[in-house]
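Geometric and topological summary
If you want the building blocks of each chain, they are given just below.
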Amino acid sequence: MNAPYAADPLHTRGRLHPASDSPTRSEFQRDRDRIIHSAAFRRLQYKTQVFLQHEGQHFRTRLTHTLEVSQMARSIARALRLDEDLAEAVALAHDLGHTPFGHAGERVLAEKMRDFGGFDHNLQALRVVTLLENRYAGHDGLNLTWETLEGILKHNGPLTGPMAVAAHPLPDWIAAVVPLGDLEPATFASLEAQCAAIADDIAYDAHDIDDALRAGLTTLPELCDVPLVGPISRTVLETWPDIDPGRQAHEVQRRIITSAIEDAIATSEAAIAEAAPGSVEAVRRAGRTLIRFSAPTAEAEKGLKRFLFEHVYRSETVMGPVRRSEAVVAALFDRYLETADMPGRWREAALDAPDLASRARIVADFIAGMTDPYALDEYARLFDARVEFR
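Residues numbered from 1 in each chain as written. Predicted model: local features only at pLDDT ≥ 70, side-chain atom pairs only at ≥ 80, totals over all residues. Heavy atoms only, no water.

Brief notes about the nonpolar core
Grouped burial of nonpolar side chains is what soluble globular proteins tend to show. Grouped together as the largest cluster of nonpolar side chains are 118 residues, with contacts concentrated most on Ile 35, Leu 96, Leu 332, Tyr 336 and Ile 367. With 13 residues, helix H9 (residues 191-214) is the largest single contributor of residues to this core. Contacts of Leu 332, omitting those with residues within four sequence positions, involve Ile 367, Met 370, Ala 375, Glu 378, Tyr 379, Leu 382 and Phe 383. (Core = buried A, V, L, I, M, F, W, Y, C linked by side-chain atoms within 4.5 Å. Buried < 20%, exposed > 50% of the residue type's maximum accessible area, 1.4 Å probe, protein only. Helix = DSSP H or I, 4+ residues; strand = E, 2+ residues; numbered from the N terminus. Contact = heavy atoms within 4.5 Å.)

Here it is as structure tokens:
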């Protein structure tokens, strides 16, 4: 039985458009299924996580990362007696707004859209599920519940007010695409959405280390002095010094995941008990995130992220292809904005746009939905040139 502060699918605040009841699935299960069956979800298979596709077939993509996050979110939610299906739905949707080439593409679109309302992948995910997915006969978007939309928007924390995690004001278009009521941007999201957020952090830490080891950017002995992963690496190397390095790396990865999840569950249980929320509404107004790491683990996790930024994300192995991919996205944006040379409905919408800002938003939507290979194909079509990443 779920806790009284868990989100309840029987008391959802509703959907943007009327929908018939399902005799076999809860409302949050329906959200999960709609997300999985969306085109945007399938495209995650061909979008960069950290390493571009040319680096090899065994590195994470946005899709594999998303599946890993959803599994961890369910595990945490189950232990805390929350609604697993809502946690899973938010986790499955959390990266739907990501651009091709990972954060490189997002940085370019953020700069290009700076004077046109900005660009953020979390906000873009909201556009995807409310506006850009167009497979349903009766409406645009996936028609998800209020609770899933809230989780997509605020899983990292409030977007306005004194506790805001967003650096910029919310764009005006949000009110236009989500007219079913205020998503309460100044409050925290449900505990289920918070589970998805911390699962995202755990997945990044564990799996980016695994990919970095595969790419030869670091070694297990080098990780022995790194926060969070150091003690685990030392234990594995001391216990199994002679086994295959790949098996050593997997043992480190799984122990990081287990340790981080167990720490988050224990810490969150204590935080929830202290806050004593009697309902999901009380969670939203608790004034702080309740799903979190212990202070020592949180500090160690920050140290691990610093290591990853210095030795992985900013390494030349990663940054060389990143710079070339940034140039691709920038060139595509400029050409589309100037010529509207996009396929089908995108070209029509751009030519009919009432002003430059509206046209820029259409271009950003089109580019954000691209896979890495499609972006490269479009670049070749428009500029008669192939980008070499090796």
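Looking at the pattern of salt bridges
A side chain with one charge may pair with a side chain of the opposite charge, provided their charged atoms come close. Applying the stated criterion to the full structure yields 33 salt bridges. Of the charged contacts, one joins Glu 281 and Arg 13 as a salt bridge, the two residues approaching to 2.8 Å between their closest N and O atoms. On the criterion of sequence distance, the pair formed by Glu 281 in helix H13 (residues 280-284) and Arg 13 in the segment before helix H1 (27-36) is long-range, its members being 268 residues apart. With relative accessibility at 30%, the residue Glu 281 sits in the partly exposed group. Of the charged contacts in the structure, one is a salt bridge between Lys 154 and Glu 150, with a shortest N-O distance of 3.2 Å. Of the two residues, Lys 154 and Glu 150 are both situated in helix H7 (residues 146-154); the distance of 4 residues between them amounts to about one turn of the helix. Taking relative accessible area as the criterion, Glu 150 reaches 0% and is therefore assigned buried. (Salt bridge = Lys/Arg side-chain N within 4 Å of Asp/Glu carboxyl O.)

Description of the packing of aromatic side chains
Under the counting rule described, the total for this entry stands at 4 aromatic pairs. Each ring, one from Tyr 336 and one from Phe 366, has its centre 5.4 Å from the other, and the planes form 65°; the classification is edge-to-face. Within this pair, whereas Tyr 336 is found in helix H15 (residues 316-339), its partner Phe 366 is found in helix H17 (residues 356-368), the two being separated by 30 residues in sequence. The same class applies to Tyr 336 as to Phe 366, namely buried. Taken together through their ring pairs, the aromatic side chains of Tyr 336, Trp 346, Phe 366 and Tyr 374 make up a single cluster. Stacked on the ring of Trp 146, the Lys or Arg Arg 13 has its end atom at 3.9 Å from the ring centre. (Phe/Tyr/Trp six-rings, centres within 6.5 Å; stacked < 30°, edge-to-face > 60°. Lys NZ or Arg CZ within 6 Å of the ring centre and 35° of its normal.)

Digging into the layout of surface pockets
Over the atoms rolls a probe the size of a water molecule, and in doing so it shows where empty space is left. Taken as a whole, the largest pocket encloses approximately 1000 Å³ of empty space. Lining of the largest pocket is provided by 44 residues; of these, His 103, Asp 200, Asp 201, Tyr 204 and Lys 305 occupy positions nearest its centre. Residue assignment for the lining of the largest pocket shows that the elements contributing at least two residues are helix H5 (102-112), helix H6 (121-132), H9, helix H14 (295-313) and H15. Looking at the lining of the largest pocket, the element that brings in the most residues is H9, giving 7 residues. Grouping the constituent residues of the lining of the largest pocket by class yields 18 nonpolar, 13 polar and 13 charged. Looking at the second largest pocket, its volume works out to about 560 Å³. Contributing to the lining of the second largest pocket are 22 residues, with Phe 119, Asp 120, Leu 123, Ala 167 and His 168 lying nearest its centre. (1 Å grid on protein atoms, 1.4 Å probe; cavity = no way out; pocket = protein on both sides within 12 Å on 5 of 7 lines; lining within 4 Å. Points joined across faces, edges and corners; volume = space filled by probe spheres on them. Nonpolar A, V, L, I, M, F, W, Y, C, P; charged D, E, K, R; others polar.)

A closer look at the environment of Ala 276
If you trace the backbone, Ala 276 turns up in the loop between helix H12 (245-275) and H13. Between the C-alpha atom of Ala 276 and that of Asn 156, which follows or precedes it by 120 residues, the distance is 21 Å.

Points about unusual backbone geometry
In this structure, Leu 228 is a non-glycine residue whose phi angle is positive, near 75°. Structurally, Leu 228 is set in the loop between helix H10 (220-223) and helix H11 (230-239). Located in the positive-phi region is Ala 340, a residue other than glycine, with phi close to 60°. When you line up the elements, Ala 340 lands in the loop between H15 and helix H16 (344-352).

It is worth stressing that arrangement in space is one thing and function is another; only the former is reported here.
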